[in-house]
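Each chain is listed here by its residues.
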Amino acid sequence: MEELNDIIKNAADICLYIDGKAQMYPRGEERFDALLAAWTEMTAGAHRMPAFGVSIDRLTREELSGGIWLEFLFSAEQTCAGMPFESLLIKVERGYKGFNVIRCLHGRYEGRCYYVDLGGEDMYLLSDAIGR
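Okay, so let's go over this structure.

1. Quick word on the packing of aromatic side chains
- Going through the model one piece at a time under the given rule, you end up with four aromatic pairs.
- Consider the rings of W39 and F72, whose centres lie 5.3 Å apart with planes at 65°: the pair is edge-to-face. With a gap of 33 residues between them, W39 in helix α2 (residues 30-42) and F72 in strand β4 (residues 68-80) connect regions that are remote in the sequence.
- Relative accessible area serves as the criterion here: at 1%, F72 is assigned to the buried category.
- Seen from their ring centres, F85 and Y114 are 6.2 Å apart, and the 85° between their planes marks the pair as edge-to-face.

Okay, here's the thing in structure tokens:
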């Protein structure tokens, strides 16, 4: 999990999607810092694990039209556990104790994901930072 968190700390922007509406927060903005701090605290005892699922771009984009999603965007391609990406997308659900991290590469949410187990905690910290 440390490798993934080290990469996320270098995100250039964070995009928050609420029911399909996107709001971008660039690095250095107060909202960016608050969301990143909530992510860091939420994942303090987390473990990155292999995911069973894969993302299919069309289906992921359909899912983005509802609920709350957070995307970490990077200024250059990154790699974690041998899998490249330009952004990482997660669905935020207050009670979730684990979640898939969907990789986006060349504008497509396609392929294997990472899975994050929150070690018995849930997503309340991130949900609270978002205000939901």
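2. Let's talk about the pattern of salt bridges
- This model, assessed by the stated rule, comprises seven salt bridges.
- Here E93 ties to K91 by a salt bridge, and the two come within 3.6 Å at their closest N and O atoms.
- For R94, the salt bridge is made with D128, and the minimal N-O distance between the two is 2.5 Å. Remark: D128 occurs in helix α4 (residues 124-130) and R94 occurs in the loop between β5 (83-91) and β6 (98-104); sequence separation between them is 34 residues.
- The exposure class assigned to R94 is partly exposed, which follows from its relative accessible area of 40%.
- The network of salt bridges with common partners includes D57, R61, R108 and E110.

3. Some words on the layout of surface pockets
- As a volume, the largest pocket reaches approximately 240 Å³.
- Lining the largest pocket we find 15 residues, and of these T60, E63, W69, N100 and I102 sit closest to its centre.
- Looking at the lining of the largest pocket, the elements that each hand over two or more residues are β3 (47-55), α3 (57-63), β5 and β6.
- A per-class count over the lining of the largest pocket returns 10 nonpolar, three polar and two charged.

Cut-offs used in this document
Residues numbered from 1 in each chain as written. Predicted model: local features only at pLDDT ≥ 70, side-chain atom pairs only at ≥ 80, totals over all residues. Heavy atoms only, no water. Phe/Tyr/Trp six-rings, centres within 6.5 Å; stacked < 30°, edge-to-face > 60°. Helix = DSSP H or I, 4+ residues; strand = E, 2+ residues; numbered from the N terminus. Buried < 20%, exposed > 50% of the residue type's maximum accessible area, 1.4 Å probe, protein only. Salt bridge = Lys/Arg side-chain N within 4 Å of Asp/Glu carboxyl O. 1 Å grid on protein atoms, 1.4 Å probe; cavity = no way out; pocket = protein on both sides within 12 Å on 5 of 7 lines; lining within 4 Å. Points joined across faces, edges and corners; volume = space filled by probe spheres on them. Nonpolar A, V, L, I, M, F, W, Y, C, P; charged D, E, K, R; others polar.

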